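Chain by chain, the residues run as shown.
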Amino acid sequence: MATNLHFIKSFNITETVTNFDCDNVFSDAYDIYKIHGVDFHTAGSTSYTNMRLIDSSGNVESGNNYSWAYLSVKDDASFGEAKATGNNHWQEFFGNADKAPEGSGTIGYIYSPYQAQFTFCSWQSFHQQNSTERMYKAAGVFELAESMRGFRIYDSLSGPLTSGQINIYGIK
């Protein structure tokens, strides 16, 4: 089992954006990457803070090659689940950002993204939205055999992000 965590890079969202790239963070130096994201907020409306991969040429992968599934725990409802195949992103990888003081965060793992093979991931995210708390445990796959060098945080609703911090680590 991998036991050494190596800091790679930190990113901060400090202005209003609908997309935010964390580029040139994956390489052949590590097989597993840990992504720690915290303090995602919007100016007012809720934002699905999804993930798309960036390939080795710098293109954002937005085709329908993402599949994912998650289980959810909600303080205002029963347990839930959602899944999708042929999607154009990994849904809610960073939770659902909302206006401060509510917001979202995540701990996620990307497996062998730099190798020219399918890219797998797993994540746990948390968000508070209109005083409702929700947690997700999820897994996904990008179903093209391509080398990836980074990722994009992508908002699929109308609530652009105004803040957030992303730390990326390699695991050996």
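A brief report on the enclosed structure follows.

Here is what the cut-offs are and how they apply
Residues numbered from 1 in each chain as written. Predicted model: local features only at pLDDT ≥ 70, side-chain atom pairs only at ≥ 80, totals over all residues. Heavy atoms only, no water. Salt bridge = Lys/Arg side-chain N within 4 Å of Asp/Glu carboxyl O. Helix = DSSP H or I, 4+ residues; strand = E, 2+ residues; numbered from the N terminus. Polar contact = N/O pair within 3.5 Å; in protein donor to acceptor, adjacent residues only side chain to side chain. Contact = heavy atoms within 4.5 Å. Phe/Tyr/Trp six-rings, centres within 6.5 Å; stacked < 30°, edge-to-face > 60°. Buried < 20%, exposed > 50% of the residue type's maximum accessible area, 1.4 Å probe, protein only. Lys NZ or Arg CZ within 6 Å of the ring centre and 35° of its normal.

## Some remarks on the pattern of salt bridges
Applying the stated rule across the entire model yields two salt bridges. For the salt bridge of Arg 152 with Asp 21, the shortest nitrogen-to-oxygen distance reads 2.6 Å. With Arg 152 in strand β11 (residues 148-155) and Asp 21 in strand β2 (residues 19-22), this residue pair connects regions lying 131 residues apart in the sequence. Between Arg 149 and Asp 23 there is a salt bridge whose closest N-O contact spans 2.8 Å. Of this pair, Arg 149 sits in strand β11 while Asp 23 sits in the loop between β2 and β3 (32-42), placing them 126 residues apart in sequence.

## Some remarks on the side chain of Gln 91
Relative to the assigned elements, Gln 91 resides in the loop between β6 (80-87) and β7 (96-99). In this structure the side chain of Gln 91 is engaged in a polar contact, spanning 3.0 Å, whose partner is the side chain of Glu 92. Beyond its immediate stretch of four places on either side in the chain, Gln 91 contacts Tyr 48, Asn 50, Trp 68, Tyr 70 and Trp 123.

## Looking at the packing of aromatic side chains
For the structure on display, the rule yields 13 aromatic pairs. For the ring pair Tyr 70 and Tyr 136, a centre distance of 4.4 Å and an interplane angle of 40° mean the geometry is tilted. Within this pair, whereas Tyr 70 is found in strand β5 (residues 66-74), its partner Tyr 136 is found in strand β10 (residues 132-146), the two being separated by 66 residues in sequence. Tyr 136 shares its class with Tyr 70; the two are buried. The side chain of Arg 52 reaches across the aromatic face of Tyr 154, ending 3.7 Å from its centre.

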